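Structural features, examined
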Amino acid sequence: MISAAIYVRISSDPRGEGLGVARQEADCRALAARLGWTVGGVYADNDISAYRGKVRPAYERLLADIGAGRVRALLAWHTDRLHRSPRELERFVDLAERTGLQVQTVQAGKLDLATASGRMVARMLGAAARYESEHKADRIRSKLAEVASAGRPHGGHRPYGWEPNRMTIREDEAAVIREACGRVLNGEPIRAIIRDLNGREVRSATGLAWTHPTFRKMLMHGRHAGLREHNGREIPAAWPAIVPVETLRAVRRVLDDPGRVTTPGRGGRLHLLSGIAVCAVCGASLRVNQSKGMEAYRCKASGCVSRRRDRMEEFITDVVIARLSRSDAADLLAPEDDGGARAQAAADAERVRQRMDEAADSFAAGAITGRQLETITARLRPQLAALEEAAAPPPDRASVLGDVVGSGDVAAAWAALTPDVRRMVVRLLMEIRVHRGRRGPGFKSEGIEVVWRR
Ligand SMILES: [Zn+2]
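Position numbers for residues start from 1 in each chain and track the written sequence from start to end. Residues qualify for local features only when their pLDDT is at least 70, as the model is predicted, and side-chain atom pairs are given and counted only at 80 or more; totals for whole chains, interfaces and linings, by contrast, use all residues. Computation of side-chain values: all heavy atoms of the structure, hydrogens and water removed.

1. Concerning the overall build of the protein
A helix here means a DSSP run of H or I that spans at least four residues, while a strand means a run of E at least two residues long, and both kinds are numbered starting from the N terminus. What the protein contains, in helices and strands, is 15 helices and 13 strands. Counting only residues that meet the buried cut, the protein has 41% of its 454 residues in that class. Counting only contacts in the protein whose residues sit at least 6 apart along the sequence, the fraction spanning at least 24 positions is 62%. A total of about 23,200 Å² of accessible surface is found on the protein, and carbon and sulfur atoms cover 53% of it. Note on classification: 1.4 Å probe, protein chains only; a residue is buried when its accessible area is under 20% of the maximum for its type, exposed when over 50%, partly exposed between these limits. Here, residues are in contact when the closest pair of their heavy atoms is within 4.5 Å. Residue-level accessible areas treat just the shown protein chains as cover; the underlying method is Shrake-Rupley with a 1.4 Å probe.

If you want it as structure tokens, here you go:
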């Protein structure tokens, strides 16, 4: 059995990622397996361009080992990994001829340096590689220029939260953005936030009252988290962030959620438990509809379960007031202690984002194909989504519950809350699952399962 050396080299690798080297080696090993060769050793040069004429330590060691008869067969991804100047090629051809070296490449097949025609093929490949190398340098330069310019802002209207130069934060508006993000994450409907801002005469960048589409679009913009978006890719921007990137992503998830109820029910508001209580049979959420002249929460998917609206709301209200009246209710205000899990998820998410960036860079540098980039991205995207969800900022419990818990009379404080805030309180405290009830008339509180969130 022939024992072969593998030579790998990555060029055009300004960040020294080594990604290309790993793939070259994997492809060479696969080729060795097909040829029935074993792999005796790997020689790797990274981030050194042969075209610039620098010394390649592993390459020099390889030539020495070939000359000494320690390497008799060689695998490379392409001849352009081995040599890029005619002078290097001639040196390699001399050595191969003298030692009877066998050379196989993944891309160009067998390199037969023992015959004149084989050497001619090698020289042509070398000339092509040199041409390619010169062009690649141009391509990378223009790509880098593009990325660099992409990190800077476009021109246009002054965006909300920013000075006209689009790089400096306008603090009073940034405070509104932070506040609105917090309220969205606490479960407050975006329409209620807009109503409140317009009521406080907080105006948009053009001095107009906020509308639903303009406010939603503004709040979800990547620039607030220091991201420049370019052709569907996120690039770290040259400006500072108003909110952490986890906050932005969590806000986007909430506002993008198609299951989210954005249109208030009859009377201009949502019922207390619509979209919060879920059907224990099928998992769908409950909503209020009329049945036999009476309003009831029903499973909105298949009507598996149903309860009278008034009695159901009374029951949950009693449970909430009882919980918030307990002597240990102040414990509910403390931020959740997740044992660092959230921070860990945020760090892991950042690493996945970096890997996606690196893959995109490799694609830009021609080291991987668009298809490979798609495969990598498709694999990483669900991981990233799950990690970002785990890293999402927790609801601000103190701001939602503080007024009620701190009041002397919990029932009165609850009654004074707006419907939207009551829904936030319920959502923060509990999950509600409604099972099928016993048959017969009257309200059945059994089968209403309250799961405390902490
Ligand atoms: Zn159901």
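2. A closer look at the confidence of the model for the protein
pLDDT measures the predictor's confidence residue by residue and takes values from 0 up to 100. Averaged over the protein, the pLDDT score is 80; the fraction of residues at 70 or greater is 83%. For the protein, the element scoring lowest by mean pLDDT is helix α5 (residues 116-150), at 60; strand β8 (residues 277-279) scores highest, at 94. Taken together, the stretch residues 13-19 has pLDDT below 50 and engages in 13 contacts with residues farther than four places along the chain or on a different chain. Confidence drops under a pLDDT of 50 for residues 261-268, and excluding neighbours within four residues, the segment shows 9 contacts in the predicted structure.

3. Description of the packing of aromatic side chains
Each aromatic ring pair is summarised here by two numbers: the centre-to-centre distance and the angle between the ring planes. The pairing test for Phe, Tyr and Trp rings, Trp by its six-membered ring, is centres within 6.5 Å, and the orientation test on the planes gives stacked under 30 degrees, edge-to-face over 60, and tilted for anything in between. Scanning all chains against the criterion turns up 4 aromatic pairs. Judged by centre distance (4.9 Å) and plane angle (85°), the rings of Tyr160 and Trp210 are edge-to-face. Here Tyr160 is found in the loop between α5 and α6 (171-185), whereas its partner Trp210 is found in the loop between α7 (190-199) and α8 (212-219), with 50 residues between them in sequence. Judged by centre distance (6.5 Å) and plane angle (70°), the ring pair of Trp162 and Trp239 falls under edge-to-face. With a gap of 77 residues between them, Trp162 in the loop between α5 and α6 and Trp239 in the loop between β7 (233-236) and α9 (245-256) connect regions that are remote in the sequence.

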